[in-house]
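Given next are the chains, with one letter for each unit.
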Amino acid sequence: MEIFYVFAGLTILGLTGYGLQIWSVRAAFRERDSDSGCEDVNFPPVSILKPMKGLDDNLFDNLDSFCRQDYPEYEIVFSLQDYNDPAYKVARKLKEKYPEKDISLIVERCDAGLNPKVNNLIPAYKAAKYELILISDSNVMVEMNYLKEIVRKMKDPNVGLVSNLIGGVGGQTLGSIFENLHLNSFVIGSVCFLDRFLKMPCVVGKSMLMRKHDLEAIGGLKAVKDILAEDYIIGKKMQKRGRKVILSNHLINNVNEYWGLKKFINRHTRWGKLRWKIGGIKYFSELVGNAVFMSCIPILLWEPSKITISFAAFVSFMKILGDYYLGRIIGTWRTETRRSGENESSIRQFSHSPVHCLLSPVKDLIIGLIWFVPLLSDTVVWRGNRYIIGKDSVLSTCPEGGVLSWRYRLIDVVRARFARVA
């Protein structure tokens, strides 16, 4: 019985933390809604850097939303490593659709470092014309006022970097539903909590606005070419230099429609290793914060009795309600369409079904199991490449032969089996 009370106490602590996350998200969106607007801000030109590889879900419409920004002057630089990449045709199609827009396609092989995203960004950065640069992933979709909303945060000359809140939308498969549930609960809740209570803005690479001279002052993109969490480290370097890192309350949508379960597990295994190598002992707070997982442990360690099952069911119910409420706050339940383009064709504005919240406890149980993997493995596989991840997510090449290589192959087999079982 003592085991149950110990884990029940930890579970209540986790639920309390989750409640504070919900409060933080709610406060952030209330501040956004009460904001006075941006009429008094000058809007300098912006270079939008879009590193691309492969066909992300809804890729054309994602990129199209950046071509329709209500902003005086900006350029878009699409960057790819290979002309045979299917994303190249999508970028060409957009350039043809908007001949009046300043759109560039950079196809250049770059092997400056071990981080493939940074390798993709370096040629685009060299081609950027303006002082303000915006690094944005190709799987995000934004509203027409996106650029104005984030650029207005740069009116303070002491601001070095602006990042954004992210919401997950779409969800046609189990893996993508889990991903959106995680983005709309753990990710946005953690980001808002850290920003509001601990004054620790958490930079997410899907949207980073900076000045060139600030980025150059911390070593430029080459300073993070061998780092997995390049976005987080750029933010830390900015703060260390005395520049403010700001979280914009303007929400951008991360479109996830057709993820497989294996992709979801691999992604969060990689992210877990990243956070473990950066946070160290702080990483254990994530396990305590997973109230659903903590509430289920007594069923395994003690017994599946009426009290343990009822407690786990109650916690799962509270998590479902909390995730549903978060969805209402950030607006992921809303669906609408809008018109754009020469032929007035409909552009989808994605949503995320409230029914998906019923799967929140299942997702949290999977995340709880994934939590332990970083304690046992220090390798990551990203875009077909295997790396060893060290302190602060510094990458090094992984041996392909010898005794050590068998260890990594064994871990791959275990992970693949787990993905099939889950």
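All of these numbers come straight from a predicted model, not from anything done at the bench.

Basis of the calculations
- Residues numbered from 1 in each chain as written.
- Predicted model: local features only at pLDDT ≥ 70, side-chain atom pairs only at ≥ 80, totals over all residues.
- Heavy atoms only, no water.
- Pairing = 2+ DSSP bridges.
- Helix = DSSP H or I, 4+ residues; strand = E, 2+ residues; numbered from the N terminus.
- Contact = heavy atoms within 4.5 Å.
- Axes fitted to C-alpha atoms, helices over the stretch in contact; angles between N-to-C directions.
- Expected span 1.5 Å × (residues − 1).
- Buried < 20%, exposed > 50% of the residue type's maximum accessible area, 1.4 Å probe, protein only.
- Arc of directions from axis to C-beta.
- Salt bridge = Lys/Arg side-chain N within 4 Å of Asp/Glu carboxyl O.
- Core = buried A, V, L, I, M, F, W, Y, C linked by side-chain atoms within 4.5 Å.
- Polar contact = N/O pair within 3.5 Å; in protein donor to acceptor, adjacent residues only side chain to side chain.
- Parallel < 35°, antiparallel > 145°, perpendicular 65-115°, else oblique.
- Nonpolar A, V, L, I, M, F, W, Y, C, P; charged D, E, K, R; others polar.

Undergrad: Just checking my understanding: could you explain the sheet that holds strand S7 (residues 207-211) for this structure?
TA: With respect to topology, eight strands assemble into an open sheet ordered S3-S2-S1-S4-S7-S6-S8-S5, the strand pairing being mixed. At either margin of the open sheet sits one strand with a lone partner, and together these are strand S3 (102-107) and strand S5 (140-141). Direction of pairing for strand S1 (residues 46-51) relative to strand S4 (residues 132-136): parallel, over a ladder of four bridges. Across the sheet, Ser47 pairs through a bridge with Ile133, a residue of S4. Each of S1, strand S2 (74-80), S3 and S4 is contacted by helix H4 (residues 116-127), which is oriented at about 150° to S1, the strand it contacts most.

Undergrad: Sorry if this is basic, but what is going on with helix H3 (residues 86-97) here?
TA: Given 3.6 residues to a turn, an α-helix orients residues that are three or four positions apart in the same direction. Spanning twelve residues, H3 covers 17 Å between terminal C-alpha atoms, matching the ideal 16 Å at 1.5 Å per step. Among the residues of H3, those classed as buried are Ala87, Tyr88, Val90, Ala91 and Leu94. The buried residues of H3 occupy one face: seen down the axis, they fall within an arc of 160°. Exposed positions of H3 whose direction lies more than 90 degrees from the buried face are Lys89, Lys93 and Glu96.

Undergrad: Sorry, what's going on with the pattern of salt bridges here?
TA: Where charged atoms from two side chains of opposite charge come close, those side chains can pair. Inspection of the entire model under this criterion finds 21 salt bridges. Between Glu230 and Lys117 there is a salt bridge, with its nearest N and O atoms 3.6 Å apart. Placement of Glu230 in helix H8 (residues 230-240) and of Lys117 in helix H4 is noted, with a sequence separation of 113 residues between them. In this structure, Glu230 and Lys117 share a single accessibility class: buried. Across the pair Asp226 and Lys225 runs a salt bridge, and its minimum N-O distance is 3.0 Å. Residue classification places Asp226 among the partly exposed positions, given a relative accessible area of 24%. Ionic contacts of the salt-bridge type, sharing partners, join the residues Lys117, Asp137, Lys206 and Glu230 into one network.

Undergrad: What exactly am I supposed to notice about helix H11 (residues 291-301) here?
TA: Counting buried positions along H11 yields eight of eleven residues, so the element is predominantly enclosed. Within H11 the residues assigned to the buried category are Ala291, Val292, Phe293, Met294, Ser295, Cys296, Ile297 and Pro298.

Undergrad: How should the nonpolar core be read in this particular structure?
TA: A general feature of soluble globular proteins is that nonpolar side chains tend to end up buried together. Counting 51 residues, the largest nonpolar core has Val46, Leu165 and Leu209 as its most contacted members. Each residue touching Val46, except ones within four places of it in the same chain, is listed here: Tyr71, Glu73, Tyr74, Glu75, Tyr130, Leu132, Leu134, Leu147, Val151 and Leu209. Core analysis: the next-biggest nonpolar cluster, separate from the first, contains 25 residues, Val77, Ile122, Leu161 and Leu221 among them.

Undergrad: Where do I start with the side chain of Ser47 in this structure?
TA: Assignment of secondary structure puts Ser47 in strand S1. By relative accessible area, Ser47 is classed as buried at 0%. Among the polar contacts listed, one links the side chain of Ser47 to the backbone nitrogen of Tyr130, at a separation of 3.1 Å. Beyond its immediate sequence surroundings of up to four residues, Ser47 is in contact with Glu75, Ala128, Lys129, Tyr130, Leu132, Ile133 and Leu134.

Undergrad: In this structure, what is going on with the sheet that holds strand S12 (residues 385-389)? I would like to understand it.
TA: Sheets are built from strands that pair by backbone hydrogen bonding, the pairs being arranged parallel or antiparallel. Spatial ordering of the open sheet is given by S11-S12-S13, a layout of three strands whose pairing is antiparallel. Here the strands that pair on one side only, and so sit at the sheet edges, are strand S11 (379-382) and strand S13 (395-397). Going from strand to strand, the sheet's axes swing by 45° on average, the running direction of each strand aside. Along the sheet, helix H9 (residues 261-279) contacts S11 and S12; its crossing angle with S11, the most-contacted strand, is approximately 135°.

Undergrad: Explain the packing of helix H6 (residues 174-197) against helix H12 (residues 306-330) to me, please; I cannot follow it from the model alone.
TA: Packed helices, taken two at a time, are described by the angle between their axes plus the distance between the axes. It is at 9 Å that the axes of H6 and H12 come closest, and there the two elements cross at 80°. With respect to each other, H6 and H12 are oriented roughly perpendicular. Two secondary-structure elements touch here, H6 through Asn184, Ser185 and Ile188 and H12 through Lys319, Asp323, Leu326 and Ile330. Partitioning the contact of H6 with H12 into residue classes produces three nonpolar, two polar and two charged.

The values are spatial; any link to function lies outside them.
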